[in-house]
Amino acid sequence: MIFKRILSVSCGIMIGFLTLYILEGACFRLVETYSSKRLSWAWGNYLQGSINPMLSKLGLDHFAEPPKAIVDSLSIEGQILKEDDYSSKVMSFSLPKRDRFLEYLSTIDDPLGEFDIRDFQMLRGVVTPGLKRPAMFEDVRDGLARREGDLLEFAEGFFIFLTSASSNSDYEDQFAELEKSFSFLLNNGVACLLLATESLEDLMGKISFLKASYPLLAENLVVFGRGEQASLIMEACFARPSTYRGIIVENPSRPVPMPVEDSRAWFLAIEDEFSPGNRTQNMATLSWVIKSRQSEFLYPSRLGGLLRIRKEDAEVPISSFAVAYALQCIDYFRVASILYPQSHGAQEKKPSTFKSLNRKMMTKATTSQDVKLNTPVSSFAEKIEEPTYSCEMVSEYRRIHGDDPSVKRLSNRELVLRIGRSFESMGEEVMAQIDSKDPLFIRFYLSIKELDP
Amino acid sequence: MAFMGAVIEFNALSLENFTQVLVEFRFMGYSVSEILGLGKPDTVADHLLRLKVGLGAYIGLGSFCLIITSFLPSQRIQIKFLSFAISIPLIALLFSFWFRFIHDDNTVTREDKLSLFTVTLFTYPGAVCILWYGLHIKRKSLNEGRGKGYADDPLSPRIRSEIQPPITKIEQENSEKVVLSEGQPPSNTEENLAGNDKGVPPRPEDVDENLLTTVGEDDTTDQENLPVGANEAMDVDLSQESDPLEESSMGEEEEASPNLNSITQDEEATTPSSTPVEYNKENEITDDLNPIGEPEEVGAVVEETDEGAELVIKK
């Protein structure tokens, strides 16, 4: 009798625990809101990312340790599989979003019916989400609006799909294929563009134009490419890492060296299948992935570089994993772009150096190939440097928004006031964090605020 | 019925179709072998092999459970064991599937979610209910316990009623019965049995030959008055002392039991010894019957003495 009672009680307790576990897991797996919430519980918010000590004891997927570095004892295949396993775990929170994306693709009719499709001079077929906000004083001062209250078009992010389509019909076919995926992104506030490009110079020119002419649309830029286009993207990122928030490459055709300085851009590599013969390519991709995760902040240190072997939805033009990753990247930079760490020695390289770099990629002589790019942007940034109100935060801000003409026109004093107000609106915790990072900036801001409330 | 429904549903009327359906069946993107925890098959042949091994093992386990069930004593225990044996694999299967689904990297459609919800909605409560039934311990009240104990007692009224016919037969054969005071059955206590040698007749086979010889030879009338069966009834009642209900009934009997020594002359007058008085409480105890020996050979006589009535065993 006692044995039966013990069995009954232990069975009840066990089933109770299992039920709770399954219930929580089901919510995390199926409910998008809850999965995002659990991510923020585990990692904190974007600005103050920190591991939750209590939840970390539960062994959740969020706390999977990223593969640190390339281990010689482990085969390339083993390391790629390890990276793939890690990316699956750490991005498990995006599964409800991926479900929603695939569901959306199968149900939507007339995907771009409610969105504007326009040509921005050399950029053909830009689809914008139609988001608008009233212009503020800063926008008028920056020349983005004629007067306060005017509606300004903006986007949470900008997704560019690179294609090699040369003919008009090929372009139209590919655009039609991508319409549904674009529609999903547009519904999330992301502008989309199918960009046909053949060379690195062409790509960099178009992207520079976009960022300079439409700063409110192209603030958070994510670029996707496949094959040769993937390699072009990596080269463009090598040249100007600060231009991009995220790059997603699928089966890059050739190895590209890593940027010397820490890249701000998040990097996702998708491989259709593992090819053991292409060791150099695999090593280069792995290097990009591992280097992209090198960050002092939690989110980029976990999600900044991922490698994934494509398993599902082969008929979908853009992998659901890539779409979820792009949205996560944009969401992160939308909030934490100002706080994102930036190496002080960031330098840009001439595109012409890539051919020689490719030849010597696996050697350690890449740093000798670095050449300063004397663009008008960088020279302007140097000229605008003022002796007063010069601090680390202002320098970083200028570096981040180097292509933004409105920032170029601002004095250091105005920038301190503008950035300080943004920080202040985020709360006291952010101000305290900035104070510990750059106390001079806070002192400048408080003094300017006193003089010009 | 379930098998028939499944066969019609999946159009598996022939074995070939059935195999094909089984191999091609997918639930939430998982094959049957994956659902059963047999791993992901690479080829169709591998899939079939896994299914054969896996289903064979499952059927073997099920058969083993049924064999064990058949050896269990009562139908109630059999059903409980079967509930337990079904619910545990069912819950394990459901939970393992959910565990796999949560930790896998597969995307699912709305239809998949709906089917998963439906399966869980019916499987989980069902499995928990039958597990609860399998492990349920029925709390017994005191009365229920007594009743059960009384029913399980090998000498319950039912059984007693079974042994009643030969007793009544003998009873009918005896034209006269032991005369006892009405409503006062003979004492069943050991005290009376052991201490009152005069009042309680011993078993016939235990009767001392010397004692029997002291009894008068001519006592045909007395033989008819012997409460022979009372000895058996007393022995039987003593064997039931562990039964609570029996104890209570026995207590009543003890209170009402007559001390043969206390039978007085007046009582004798009002209740003559020649008049047969049977103590029969709801056909439970018949004191004056002897189902073993012949009434002509073994018996007891109530003799009147100065101290009261005395029971004398005679042969």
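None of these values were measured; they are calculated from a predicted model.

Colleague: Would you mind going over the interface of chain A and chain B with me for this structure?
Modeller: Much of the literature gives interface size as the accessible area that the parts lose upon coming together. Opposite the 20 residues of chain A that make contact, chain B presents 16 residues. Of all the secondary structure elements, the ones that give two or more residues to the side of chain A that touches chain B are α1 (2-30) and α4 (95-107) of chain A. In terms of residue count, the dominant contributor to the side of chain A that touches chain B is α1 of chain A (12 residues).

Colleague: Would you take a moment to explain the confidence of the model for chain B for this structure?
Modeller: One rule of thumb: low pLDDT means the predicted coordinates there are not for detailed reading. Per-chain confidence: chain B averages 64 in pLDDT, with 43% of residues scoring 70 or above. Here residues 175-200 of chain B scores under 50 on pLDDT; set against residues more than four positions off or in separate chains, the count is 79 contacts.

Colleague: Is there a simple way to explain the nonpolar core in this structure?
Modeller: Grouped burial of nonpolar side chains is what soluble globular proteins tend to show. All names here are of chain A. By size, the foremost hydrophobic cluster in this structure holds 82 residues, and its most contacted members are Phe 159, Ile 160, Ile 233, Ile 247, Ala 322, Tyr 325 and Ala 326. If we skip the residues at most four places from it in the chain, Ala 322 touches Phe 224, Ile 248, Leu 268 and Ile 270. One finds Val 394, Tyr 397, Phe 423 and Tyr 445 within the second-largest nonpolar core, a separate group that totals 14 residues.

Colleague: Honestly, the sheet that holds strand β10 (residues 305-309) of chain A in this entry has me stumped. Any pointers?
Modeller: Residue and element names in this part refer to chain A. The strand order across the open sheet built from eight strands is β1-β2-β6-β5-β7-β8-β9-β10, with neighbouring strands paired in mixed fashion. Of all the strands in the sheet, the pair left with one neighbour each is β1 (116-120) and β10. Direction aside, neighbouring strands of the sheet carry axes that sit 20° apart on average. Pairing geometry for strand β5 (residues 157-163) and strand β7 (residues 221-226), over four bridges, is parallel. Its bridge partner lying in β7, Phe 159 is registered against Val 222.

Colleague: Help me understand the packing of α4 of chain A against helix α11 (residues 320-336) of chain A, please; the structure alone is not making it clear to me.
Modeller: All names here are of chain A. Where α4 meets α11, the closest approach of the two axes is 9 Å, and the angle between their N-to-C directions is 120°. What the angle tells us is that α4 and α11 run oblique. Crossing geometry of α4 relative to α11 is assigned as right-handed. Across the interface between the two elements, Lys 97, Arg 98, Phe 101 and Leu 102 of α4 pack against Ser 320, Phe 321, Val 323, Ala 324 and Leu 327 of α11. Here the residues of the contact of α4 with α11 sort into six nonpolar, one polar and two charged.

Conventions and cut-offs
- Residues numbered from 1 in each chain as written.
- Chains lettered and ligands numbered in written order.
- Predicted model: local features only at pLDDT ≥ 70, side-chain atom pairs only at ≥ 80, totals over all residues.
- Contact = placed C-beta atoms within 7 Å.
- Helix = DSSP H or I, 4+ residues; strand = E, 2+ residues; numbered from the N terminus.
- pLDDT = per-residue confidence, 0-100.
- Core = buried A, V, L, I, M, F, W, Y, C linked by C-beta atoms within 7 Å.
- Buried ≥ 20, exposed ≤ 12 C-beta atoms within 10 Å, placed from the backbone.
- Pairing = 2+ DSSP bridges.
- Axes fitted to C-alpha atoms, helices over the stretch in contact; angles between N-to-C directions.
- Parallel < 35°, antiparallel > 145°, perpendicular 65-115°, else oblique.
- Left-handed = near helix turned anticlockwise from the far one by under 90°.
- Nonpolar A, V, L, I, M, F, W, Y, C, P; charged D, E, K, R; others polar.

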